[in-house]
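Coordinates in review
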Amino acid sequence: MNLKRALPPLVWLLTMGFVVAWLSTRLEVTHDLSVFLPAGSSTEEQLLLGELRAGHAAQLILLSISGGDAPQRAHASKQLAAALRGYSLIAEVANGDRQTGLELDGELLAYRFLLSPLVVPALFEQEQLHQALQQRLAELSSGLPLLDKRWLAHDPVGLLPSLLQGWQGGFNPTQEHGVWCDPAGQQALLMVHSTAAGFDLEQQQAVIDAIQKAFEEVKGASDLTLRMTGPAVFAVKSREIISTEIRRLSLWTSIAVAFILLVAYRSWKVALLSVVPLATALMVGIAVTALLTGPIHGIALAFGMVLLGLTVDYPLHLFSQHRKGSTLAEAAHSIATPMAISALTTAMAFAVLALSDFPGLVQLGVMTASGLLAAAITTLWVLPALTGTFPDRRVVRPEKLARALASPHRTAVRLWFLAGAAALAVGYSLTISAPWEDDLGALSPIPSADRLQDQALRQALGAPDVRHLLLVKGQDLEQTLQQSEMLIPLLDDLVREGVIQGFDLAARYLPSQATQEARRKALPLPDELYARLTRAGEGLPFRTGLFAPFIADVELARDLPLLRKEDLSGTPLGLRVDSLLRQDADAWTALVVLRGVYSPTRLAETLGPVRPAYVLALDLKQDTEAMVARFRTETLANSVMVGVAILLALLLWLRSPAALIRAIIPVFAAMALTVAALLALGEALTLFHLISLLLVLGIAIDYVVFLQSHGGNASSLAHTLHALLACVASTTVVFALLAGSPIPVLHAIGLTVSLGVPLALGAALLMGPRGGH
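Residues numbered from 1 in each chain as written. Predicted model: local features only at pLDDT ≥ 70, side-chain atom pairs only at ≥ 80, totals over all residues. Heavy atoms only, no water.

**Quick notes on the pattern of salt bridges**
Keep this limit in mind: Only one rule defines a salt bridge in this text: a Lys or Arg side-chain nitrogen within 4 Å of an Asp or Glu carboxyl oxygen. For every residue, the accessible area obtained with a 1.4 Å probe (protein chains only) is divided by the maximum for its type, and the residue is called buried under 20%, exposed over 50%, and partly exposed between those limits.
Here the structure, examined in full by the defined rule, presents ten salt bridges. In this structure, Arg508 and Asp504 form a salt bridge, with 3.9 Å as the shortest nitrogen-oxygen distance. Arg508 gets classed as buried once you look at its relative accessible area, which sits at 17%. Its salt-bridge partner being Arg564, residue Asp567 comes within 3.4 Å of it at the nearest N-O pair.

**Description of helix 17 (residues 477–496)**
Filter applied, for reference: Strands here are runs of E lasting at least two residues and helices are runs of H or I lasting at least four, both read from the DSSP assignment and numbered beginning at the N terminus. Here, expected helix span is obtained from the residue count minus one, scaled by 1.5 Å. Bend, in this description, refers to the angle at a residue between axes fitted to the seven residues ending there and the seven starting there. We define a polar contact as two N or O atoms separated by no more than 3.5 Å, with the added condition that, inside protein, one atom must be a possible hydrogen donor and the other a possible acceptor, whereas residues neighbouring each other in sequence contribute only through side-chain atom pairs.
For helix 17, built from 20 residues, the straight-helix expectation of 28 Å at 1.5 Å per residue is met to within 8% by its first-to-last C-alpha distance of 29 Å. The sharpest bend along helix 17 comes to roughly 30 degrees, located at Ile488, with the proline Pro489 sitting one to four residues further on. The residue sitting at the N-terminus of helix 17 and contributing the capping side-chain oxygen is Asp476; that oxygen lies 3.3 Å from the backbone nitrogen of Glu478.

**Re the packing of aromatic side chains**
Test applied: Each Phe, Tyr or Trp ring (for Trp, its six-membered ring) is paired with any other whose centre lies within 6.5 Å, and the angle between the two planes then decides the class: stacked below 30 degrees, edge-to-face above 60, tilted in between. To sit over a ring, a charge needs its Lys NZ or Arg CZ within 6 Å of the ring centre and within 35 degrees of the ring normal.
Scanning the model with the defined rule gives two aromatic pairs in all. Ring centres of Phe113 and Phe550 lie 6.0 Å apart, and the angle between their planes is 45 degrees; on these two criteria the pair is classed as tilted. Of the two residues, Phe113 sits in helix 4 (residues 112–115) while Phe550 sits in helix 20 (residues 548–559), which places them 437 residues apart along the sequence. For Phe113, a relative accessible area of 0% translates into the label buried. Taking relative accessible area as the criterion, Phe550 reaches 0% and is therefore assigned buried. Over the ring of Phe503 we find Arg508; its NZ or CZ atom is 4.5 Å from the centre of that ring.

**Points about the sheet that holds strand 3 (residues 90–94)**
For the record, the criterion: Each pair of strands is called paired provided DSSP finds at least two bridges between the two strands. Between N-to-C directions, angles span 0 to 180 degrees; the directions come from axes that are lines fitted to C-alpha atoms, helices contributing only their stretch in contact.
A sheet is described by the order of its strands in space; here four strands give the open sequence 3-6-2-7, paired in antiparallel fashion. Only two strands of the sheet have a single partner each, and these edge strands are strand 3 and strand 7 (225–229). The mean inter-strand angle of the sheet, taken between neighbouring strand axes irrespective of direction, is 20 degrees.

**With respect to the environment of Ser730**
Quick note on the threshold: Every residue pair with non-hydrogen atoms within 4.5 Å of one another is taken to be in contact.
Within the element layout of this structure, Ser730 appears in helix 26 (residues 714–739). The buried category is assigned to Ser730, whose relative accessible area is 4%. Those residues in contact with Ser730 that sit more than four places away from it in its chain are Val257, Ile260, Asp313 and Leu316.

This is the structure in structure tokens:
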């Protein structure tokens, strides 16, 4: 091997060695799904994205224990809750064995007078105290006291139980044997609030693993079973389902492609050498993406590998152009220009994704575009040097089809036929109402049975709604808490009107300093309180001096410093408050979590006219759909700009407006017919159909460019047709396998490409080569 021939493989090996070494030390794969969210173009979108990333609702994991009998389930529930409460990534575990999991004890107990909304001057009037004492007496006589007898002397007005009940939002799940259960009494229910961000799948996986491990220890040899639901569980499960499906499909697609190449070229050498550009594309694409964008998301990596499967077409063009007695270097020279144009225009098509503000899609665009260019260079420069000649083992090429295409025949008819077909396809597509599906939930691979169970558990537990919430924005914490407090009467009205089941907000647990000060001023002096209590208790069988501890507690509360957020640090109450507050660089945001939104329409209608300007009402489903729709509009606009650049590149190559029109019409026809076919099959177009259409665009341009590169030479055209047919067969089979996947995302990609590729070839063949007409 001379130096000239040895140089390309040597440079390739050194480059790949450097890339692999760099990736082995620098590559970081992340599973934070927030990279598939946009940067946010408005304050409202940024607040929405902040909540999606922090994921208050997504941090809830709902558990159900079934099997055994009720006492067994209750015991397991208590044991599991006790085991999980000490885990660092779990903020709170609620199962009903405590009244709320947020009991006041120690120093916090004295703050009940500053925390309770019942503390107003009227509470300590003689008449109010008399009614409270009568109520306590009635409870004691019934045997079902609202307040434990040991607290009677400290709390005759019932502040503590009303406070704890308020913290529970007025919702009490069904209980049996001291723990929560479903209405049928067949499952013990728990609610876990993790500290892991909603989109941090690694930490969420750690929480799920910890729950499962703790349950296995609690379960022992019993027949109890545990089921977990919630957004975090679904996200982790989705990742596992997608990874398993991609591994399965990778095996079958590799077998299918190897078989097709063996049939088409009758040589294992083709299959082996075709791996070289593909491997190069993957390594270079990953390295460039990691260098430009940082950590790569696992989903972007997986889908990038699927899209880069297109690079197998490049060596097929090279091998098909090889002629007996010639070298691969000569074949590479003959296809250098069309392959360069094809790779460049296809990379430009995927540059549309790189222009978006979705970091995950930017990664996908950068990886695919850079990988395609690297594969083209490897095919033209490295492969010919790796093997100088290529055995032509009775490869059957479509000579008759080549002669038919090479002879001029009814050029105008073909042109108008394609234009008419494209026009009809566009017209049909425009008649379809609401062809786009912007609901990302429709792409979930989670079975409907799991989603239904999540809804049932959420209803039984009164868990926060994962869709609706309010955000209160303030310049500082005090202002934010005060503004949150102003919402409470409005929200109470919504509960009474049956619009929502309940709500939760930080001000319920940590009142503003102003509110605490007002409550402290409402506390009477000891002598005055003693006199009122004495008169209020006249005629009632309470012994004299019984409520001295209550008077002492009131006096203590009068001298307490106001409760601050820092005072709650490390307590269950503090964890709850922290989960409902967000601090930015220059502002605070309080989350108002809604539970049991019975009528989203009535909620919007009720809140609309009276909602203060500093409150943002979010419908996570509707608002994310709006962002996806905005992304689609921006992508289509970017596609127009990139399309103009592609037209200019083709015009520079073809050097003729007429030839450009002949090249573009089959591409446009293939795209229009693919969209029409998808809609005719009942597909609602999603984000991933749009991404797949970019791949179809690149393939259609590839086919047209290689056909247009021939000047009517039937022999050369036969070699090109052989390559195109092999490309179509391998690509269609691979993506048809994806189309059969039960995962909506893979199905969307597979169906779009498996329809688009044959249509692209058919349109390109119908137009024929440039010189043939």
